[in-house]
Amino acid sequence: MASLYLQKNRTALNADPFIDLLFNFLLGFAFLFLVALLYINPEAKEANIEKQAEYIISATWPEHLKDDIDLWVRGPDDQTVSYLNKEVGWLHLDRDDRGEINDVIVIDGVEKIHPINQEIITIRKKHSGEYIVNLYYYDADSEKPLPVKLRIDRVNPRFQTVYQDTIILNGVDDEQTAVRFSIDENGGAERFSQLPATLTPYALEHSPAWAN
Ligand SMILES: [Ca+2]
Ligand SMILES: [Ca+2]
């Protein structure tokens, strides 16, 4: 008959594989938890976005139209970004959408059409001061006045639409101040108004056809 001591020892030896398995499982779980933490770290995500843009200004008009609308934005340093100068200071025009002209690309001999009509200007550093946002009707195909949606989104610290409106452009050479606003010392947007200003250099060269 085995002693009580030997019985206890055998029980302990029998339990070893289970404890090993449990330990390995916990070790694996802890490793996966650490990997998950690295991927969902909110600070890292925020830092990645901050390098791209602080504010996004977009002008959108109906798809499948040949009409060419332009965004013009003047920053606090009195420099103006547009298709004529796509990068000034920290203002960037991401794409001059020209209606239908640049909506088609060819891949392996097959035409692919993206009928979207949208121009986007990004403010990449939120310098305080006034920003003026103008819309200009560069080229028309539609015979009727064109509705253009203007939106301003703040990106950091969280995505937030701070302004949106629909502006009616009457025809070629119509230039309108969609909005002017200020970025304060804390990076917030304030003091929205529509006080008109001319940002394009066209005023002396063109007489608006739609006004006749
Ligand atoms: Ca354009
Ligand atoms: Ca387009």
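Quick caveat: nothing in here was measured; it's all calculated off a predicted structure.

Regarding the environment of Gln176
Link 1 in the chain: Structurally, Gln176 can be placed in strand β12 (residues 175-183).
Link 2 in the chain: Exposure remark for Gln176: the 18 C-beta atoms within 10 Å place this residue in the partly exposed category.
Link 3 in the chain: If sequence neighbours within four positions are ignored, Gln176 has contacts with Asn134, Leu135, Ile167 and Leu169.

Describing the environment of Asp70
Link 1 in the chain: With respect to the helices, strands and loops of the structure, Asp70 is situated in strand β2 (residues 68-74).
Link 2 in the chain: Asp70 sits eleven residues away from Ala59 along the chain, and the two C-alpha atoms are 8.2 Å apart.
Link 3 in the chain: Look past the residues within four positions of Asp70 in its chain and what remains in contact with it is Ser82, Tyr83, Glu119, Tyr136 and Tyr138.

Notes on the sheet that holds strand β10 (residues 146-154)
Link 1 in the chain: Spatially, the six strands line up as an open sheet ordered β4-β5-β8-β1-β10-β11, and their pairing is antiparallel. The open sheet has two free edges, formed respectively by β4 (87-88) and β11 (160-169), since each of these has just one partner strand.
Link 2 in the chain: Sheet topology places strand β1 (residues 55-61) next to strand β8 (residues 117-123); seven bridges connect them, and they run antiparallel. Within β8, the residue paired with Tyr55 across the bridge is Ile123.

Describing the nonpolar core
Link 1 in the chain: Ranked by size, the top nonpolar core spans 32 residues in total, and within it Leu71, Val73, Val133, Leu135, Val148 and Leu150 carry the most contacts.
Link 2 in the chain: Mapped onto this core, the elements with two or more residues apiece are β1, β2, β5 (91-95), β8, β9 (129-139), β10, β11 and β12.
Link 3 in the chain: The biggest single contributor to this core is β9, with six residues.
Link 4 in the chain: When near neighbours in sequence (up to four residues on either side) are disregarded, Leu71 contacts Ile57, Ala59, Ser82, Leu93, Glu119, Ile121 and Leu135.

Quick notes on the sheet that holds strand β3 (residues 80-81)
Link 1 in the chain: Within the open sheet, the five strands sit side by side as β3-β2-β9-β12-β13. Their pairing is antiparallel. Each edge of the sheet is formed by a strand with only one pairing partner; in this case those strands are β3 and β13 (189-193).
Link 2 in the chain: In this sheet, β12 lies alongside β9 in antiparallel orientation, the contact comprising eight bridges. Its bridge partner lying in β12, Gly129 is registered against Ile183.

Thoughts on the confidence of the model for the protein chain
Link 1 in the chain: The pLDDT averaged across the protein chain works out to 84; a share of 79% of its residues lies at or above 70.
Link 2 in the chain: With pLDDT under 50 throughout, residues 1-13 is counted as low confidence; its partners more than four residues away or in other chains account for one contact.

Regarding the pairing of strand β6 (residues 104-107)
Link 1 in the chain: In this sheet, strand β7 (residues 110-113) lies alongside β6 in antiparallel orientation, the contact comprising four bridges. Following the sheet pairing, Val104 is matched in β7 by Ile113.
Link 2 in the chain: From the end of β6 to the start of β7, which pair antiparallel, there are two residues, and Asp108 there has a positive phi angle of about 50°.

Concerning unusual backbone geometry
Link 1 in the chain: Along the chain, Asn156 connects to Pro157 via a cis peptide bond; the corresponding omega equals 0°.
Link 2 in the chain: Positive phi, close to 50°, is recorded for Asp108, a residue that is not glycine.
Link 3 in the chain: Within the secondary structure, Asp108 sits in the loop between β6 and β7.
Link 4 in the chain: With 5 C-beta atoms packed within 10 Å, Asp108 lands in the exposed category.
Link 5 in the chain: Positive phi, normally seen in glycine, also occurs at Arg191, with a value near 50°.
Link 6 in the chain: When you line up the elements, Arg191 lands in strand β13.

Looking at the pairing of β12
Looking along a regular strand, one sees the side chains alternate between the two faces of the sheet.
Link 1 in the chain: Across three bridges, β12 lies against β13 in antiparallel orientation. If you follow Arg180 over to β13, its bridge partner there is Ser193.
Link 2 in the chain: Counting the residues between successive antiparallel strands, the hairpin from β12 to β13 contains five residues, one of them, Gly187, with a positive phi of roughly 90°.

Parameters at a glance
Residues numbered from 1 in each chain as written. Chains lettered and ligands numbered in written order. Predicted model: local features only at pLDDT ≥ 70, side-chain atom pairs only at ≥ 80, totals over all residues. Helix = DSSP H or I, 4+ residues; strand = E, 2+ residues; numbered from the N terminus. Buried ≥ 20, exposed ≤ 12 C-beta atoms within 10 Å, placed from the backbone. Contact = placed C-beta atoms within 7 Å. Pairing = 2+ DSSP bridges. Core = buried A, V, L, I, M, F, W, Y, C linked by C-beta atoms within 7 Å. pLDDT = per-residue confidence, 0-100.

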